[in-house]
Amino acid sequence: VSSQFQAVPVGYASGELFIPVVFNGHGSSKTDEYAYKWITGISIVNQSVDTADVEVLYTGDNGTYTHKCTRSLSPGSSITWYAPEMGTGVGAGAGWSCPSGKIRWVSGTTFGSAKVKATGADVLVIGNSNKYDTGGLGAIGYSGLAATSVVAKQKAVCPLAFNRSPANDWVTGIPVVNMGNGPTTVTLKMVRADADPTLSGNSQQFTCQLGAGKSCSIYFPEESAALKNFAGAVFVESSSQPIAVQSSSTNYSGSINSGAIYDCINYD
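Residues numbered from 1 in each chain as written. Predicted model: local features only at pLDDT ≥ 70, side-chain atom pairs only at ≥ 80, totals over all residues. Heavy atoms only, no water.

Asks: Please clarify how the overall build of the protein chain should be interpreted in this entry.
Replies: A tally of helices and strands in the protein chain yields 0 helices and 18 strands. When each of the 268 residues of the protein chain is scored for burial, the buried share is 44%. Sequence separation of 24 or more characterises 73% of the internal contacts of the protein chain that already satisfy a separation of 6 or more. For the protein chain, the accessible surface area stands at approximately 12300 Å², while carbon and sulfur atoms represent 50% of it. (Helix = DSSP H or I, 4+ residues; strand = E, 2+ residues; numbered from the N terminus. Buried < 20%, exposed > 50% of the residue type's maximum accessible area, 1.4 Å probe, protein only. Contact = heavy atoms within 4.5 Å. Areas by Shrake-Rupley, 256 points an atom, 1.4 Å probe, with all protein chains shown as cover.)

In structure tokens form, the structure reads like this:
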């Protein structure tokens, strides 16, 4: 798989950043979820001349589970937080302190979000997720920039496309992270391209309740059972807190065929 991202301007550095993450069973053990493995890496860069003390707080299982890891990052250096391996003390886990041990995952894909905090110096953060289908039938990769509280807003718009077909199946996931300090209600409204959204079948609306720092994932077409296909946009609005939103699209045609992720556009 391959993915790419633009170079990150220094102005995107922050002492607090949020990014959606997803992973599933991964590793050499055959007791893991051997098929459909998701892995996620978060690259953290300290471009400052000062040492940064970094904390990664992962929140998953609909906000019921958290896992924290910390370590120092020397000036001009970088590190990687890697799920679900974090906390093992080997590989990407080496050098991190994870008091709760190995990061937990349960059978089935785990959706969540990570908050990266840095003291002593601001840091830059990019996340990448890769999915491995069973038997080497296909794989896809995504990369996305972490969102900072400074530029976060309560509204965002994302591209949205899906097609319910065994021969040409498009799916789109919309992960939303509450970046604020209190609870909020997030509304996602689908708007079909070149169509009146008030007419039947052209729009649907979904909501999720998010506590501070929590995330939810709306997954199409599973959430929109009445619709067989859709191409357009989804408008995401938080009732009271700033949010980070991404849109990931994947095509299946017998096996994984292609995929992409988009950083949704925040607006007032």
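Alright, that's what it looks like, and here's the rest.
Asks: Looking at this structure, how should I read unusual backbone geometry?
Replies: Outside of glycine, negative phi angles account for most residues, and trans bonds account for most peptide bonds. Cis geometry marks the peptide bond from phenylalanine 220 to proline 221; its omega dihedral reads 15°. Here proline 221 lies in the loop between strand S14 (215–220) and strand S15 (229–238). The backbone of aspartate 194 sits at a positive phi, close to 55°, despite the residue not being glycine. Tracing the sequence through the fold places aspartate 194 in the loop between strand S12 (184–192) and strand S13 (205–210). Overall, the relative accessible area of 87% leaves aspartate 194 in the exposed class.

Asks: Could you clarify how one ought to interpret the pattern of salt bridges in this entry?
Replies: Pairs can form between side chains of opposite charge once their charged atoms are near each other. Going through the model one piece at a time under the given rule, you end up with 1 salt bridge. Measuring nitrogen to oxygen at the nearest pair gives 3.4 Å for the salt bridge that ties lysine 153 to aspartate 268. Taken together, the residues span a long stretch of sequence, with lysine 153 in the loop between strand S9 (147–148) and strand S10 (155–163) and aspartate 268 in the segment after strand S18 (265–267) at a distance of 115 residues. (Salt bridge = Lys/Arg side-chain N within 4 Å of Asp/Glu carboxyl O.)

Asks: Looking at this model, I keep getting lost on the packing of aromatic side chains. Mind explaining?
Replies: Two aromatic rings, taken as a pair, are described by how far apart their centres are and by the angle between their planes. Scanning all chains against the criterion turns up 5 aromatic pairs. Relative to phenylalanine 220, the ring of phenylalanine 162 has its centre 5.9 Å away and its plane inclined at 5°; by these criteria the two rings are stacked. On the criterion of sequence distance, the pair formed by phenylalanine 162 in strand S10 and phenylalanine 220 in strand S14 is long-range, its members being 58 residues apart. Each member of the pair, phenylalanine 162 as well as phenylalanine 220, is classed as buried. Here the aromatic rings of phenylalanine 206 and phenylalanine 220 are separated by 5.6 Å at their centres, their planes lie at 70°, and the arrangement is edge-to-face. In this pair, phenylalanine 206 is assigned in strand S13 and phenylalanine 220 in strand S14, connecting sequence segments 14 residues apart. Overall, phenylalanine 220 belongs to the buried group, its relative accessible area being 0%. (Phe/Tyr/Trp six-rings, centres within 6.5 Å; stacked < 30°, edge-to-face > 60°.)

Asks: I'm lost on the state of the cysteines in this one. Help?
Replies: Where two cysteines share a covalent bond between their sulfur atoms, that bond is called a disulfide. Enumeration over the complete set of coordinates arrives at 3 disulfides. A sulfur-sulfur separation of 2.1 Å characterises the disulfide bridge that pairs cysteine 69 with cysteine 98. The chirality of the disulfide connecting cysteine 69 with cysteine 98 is right-handed, given an S-S dihedral of about 110°. Placement of the pair is cysteine 69 in strand S4 (residues 65–73) and cysteine 98 in the loop between strand S5 (78–83) and strand S6 (110–119), with a sequence separation of 29 residues. Paired by a disulfide, cysteine 208 and cysteine 216 hold their sulfur atoms 2.2 Å apart. Judged by its relative accessible area of 12%, cysteine 216 falls in the buried class. If you count the bonded cysteines of the protein chain from the N-terminus, they pair up as 1-2, 3-6, 4-5. (Disulfide = S-S within 2.5 Å.)

Asks: Is there a simple way to think about the side chain of asparagine 178 in this case?
Replies: Take asparagine 178: it is sitting in strand S11 (residues 169–178). Judged by relative accessible area, asparagine 178 falls into the buried class, the value being 0%. In this structure asparagine 178 touches Phe18, Pro183, Thr184, Leu210, Gly211, Ala212, Gly213, Lys214, Gln241, Pro242 and Ile243, once residues within four positions along its chain are discounted.

Asks: What is the right way to read the nonpolar core from this model?
Replies: In a soluble, globular protein the nonpolar side chains are often hidden away together inside. Ranked by internal contacts, the top residues of the largest apolar core, which has 26 residues, are Ile42, Ile44, Val54, Trp81, Trp96 and Val123. For this core, the secondary-structure elements that each account for two or more residues are strand S1 (16–23), strand S2 (37–45), strand S3 (52–60), S4, S5 and S6. Counting residues per element, this core draws most heavily on S3, at 4 residues. In this structure, valine 54 is in contact with Ile44, Cys69, Thr70, Arg71, Leu73, Trp96, Val116, Lys117, Ala118 and Val123, ignoring residues within four places of it in sequence. Phe162, Met190, Phe206 and Val234 belong to the second-largest nonpolar core, a separate cluster that totals 22 residues. (Core = buried A, V, L, I, M, F, W, Y, C linked by side-chain atoms within 4.5 Å.)

Asks: Explain the side chain of threonine 172 here, please?
Replies: Structurally, threonine 172 is set in strand S11. A distance of 2.4 Å separates a polar side-chain atom of threonine 172 from the backbone oxygen of alanine 161. Every residue in contact with threonine 172, bar those within four places of it in the chain, is listed here: Pro159, Leu160, Ala161, Ile218, Tyr219, Phe220, Ser247, Ser248 and Ser249. (Polar contact = N/O pair within 3.5 Å; in protein donor to acceptor, adjacent residues only side chain to side chain.)

Asks: What am I meant to see in the confidence of the model for the protein chain here?
Replies: Taken over all residues, the pLDDT of the protein chain has a mean of 81, while the share at 70 or more is 83%. With pLDDT under 50 throughout, residues 26–34 is counted as low confidence; its partners more than four residues away or in other chains account for 17 contacts. (pLDDT = per-residue confidence, 0-100.)

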